[in-house]
Structures are given as structure tokens and as C-alpha cells.
Amino acid sequence: MDTYGNDFDHYVLKGNHMKTELLNEYIFTEIVLEIAQAMRRNRQQQMELEGASQEEIAKTPITIEDRRKALALLESERQHVMTLLEELHSDFSEYSDGCH
């Protein structure tokens, strides 16, 4: 009976982990897509200024380059946040010595 319980717990935890991974992938994909969509809108505005037809503007897709730039921007922001967190941690480390 114990073995069954342990197996069940293992599969529940594994299932929850897989759901979390899928959710994280979905969120990440949506963020990248939103940034890429903003790049597409900027390109469409530029096309409009240059006199492109409304049909041509509407058919402008999100490109691989848009997605690459979105990924690079997201990675840059992640690095910036990680640096800020490290600085914050070091700023408060003198206060955390007595806290456990």
C-alpha cells in the first residue's frame, strides 16, 4: 500500500511539474509574440508613412526577425532584472545575517 501511495505522489508531482512547464512555455511564447506584434505594428506605421496601400500594410506578417528581436529584447530585460536583484540582495545582506 505504501508503494502505491509513493507512486501516486510521484505521478501527481510529475504531472504538476509538467503543467507548470507548459504554463511557463505558454506565458513565454505569449510575451515574445506580443513584443513581435508591437514590432510588426511599428513596421506597418512606417509603411503607412511611406505610402504603402492599406492591403499591403494589413498583409504584413510577423517575421522571424521580429521574433528574434523580441527574444533578444526579452533576454536583455531578464539580464537587467537579474542584475537589479543581485544588487538588491547585496544591499540587504548585512541585515539578513540574524534572520533565519
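Residues numbered from 1 in each chain as written. Predicted model: local features only at pLDDT ≥ 70, side-chain atom pairs only at ≥ 80, totals over all residues. Heavy atoms only, no water.

Some points on the overall build of the protein chain
Our working rule: Each helix is a run of H or I in the DSSP string that is no shorter than four residues. Each strand is a run of E no shorter than two, and both are numbered from the N terminus. For every residue, the accessible area (1.4 Å probe, protein chains only) is compared with the maximum for its type, and the residue is labelled buried under 20%, exposed over 50%, or partly exposed between those bounds. In this description, contact between two residues means that some pair of their heavy atoms is separated by no more than 4.5 Å. In these tables, accessible area is a Shrake-Rupley quantity obtained with a 1.4 Å probe, and a residue counts as shielded only by the protein chains included in the view.
The secondary structure content of the protein chain amounts to three helices and zero strands. In the protein chain, the succession of helices and strands from N to C terminus is α-α-α. Buried residues in the protein chain amount to 11% of all 100 residues. Pairs at least 24 apart in sequence give 52% of the contacts found in the protein chain among residues at least 6 apart. When the accessible surface of the protein chain is totalled, it reaches about 8,600 Å², and 59% of it is carbon and sulfur.

Quick notes on the side chain of arginine 40
Applied cut-off: Under the rule applied, a polar contact is a pair of N or O atoms within 3.5 Å (in protein, one hydrogen donor and one hydrogen acceptor; residues adjacent in sequence only if both atoms are side-chain atoms).
Tracing the chain through its elements places arginine 40 in helix 1 (residues 2-49). At a separation of 2.4 Å, a polar atom in the side chain of arginine 40 contacts the main-chain carbonyl oxygen of threonine 60. If we skip the residues at most four places from it in the chain, arginine 40 touches Ile57, Ala58, Thr60, Pro61, Ile62 and Asp66.

Topic: the pattern of salt bridges
The cut-off we apply is this: Salt bridges are identified by distance alone: a Lys or Arg side-chain nitrogen within 4 Å of an Asp or Glu carboxyl oxygen.
Per the stated rule, a full pass over the model turns up five salt bridges. Measuring nitrogen to oxygen at the nearest pair gives 3.9 Å for the salt bridge that ties arginine 68 to glutamate 65. Placement of both arginine 68 and glutamate 65 in helix 3 (residues 64-96) is noted, with a separation of three residues, approximately one turn of the helix. Among the ionic pairs, glutamate 75 bridges to arginine 78, the shortest N-O distance being 2.8 Å. With glutamate 75 and arginine 78 both in helix 3 and three residues apart, the pair spans about one turn of that helix. Taking the relative accessible area as the measure of exposure, glutamate 75 reaches 31% and is therefore partly exposed.

A few points about the side chain of aspartate 66
Along the chain, aspartate 66 falls in helix 3. Residues contacting aspartate 66, with those up to four places away along its chain left out, are Ala36, Met39, Arg40, Arg43 and Pro61.

Description of the confidence of the model for the protein chain
Just so we agree on the cut-off: The pLDDT value expresses, per residue, how confident the predictor is, ranging between 0 and 100.
The predicted model of the protein chain averages 85 in pLDDT, with 76% of residues at 70 or higher. Mean pLDDT per element in the protein chain: helix 1 is the minimum at 83, and helix 2 (residues 54-58) is the maximum at 96.

Side note on the environment of lysine 59
Structurally, lysine 59 is set in the loop between helix 2 and helix 3. The class of lysine 59 is exposed, set by a relative accessible area of 60%. Separated by 15 residues in the primary sequence, lysine 59 and glutamine 44 have C-alpha atoms spaced 9.5 Å apart.

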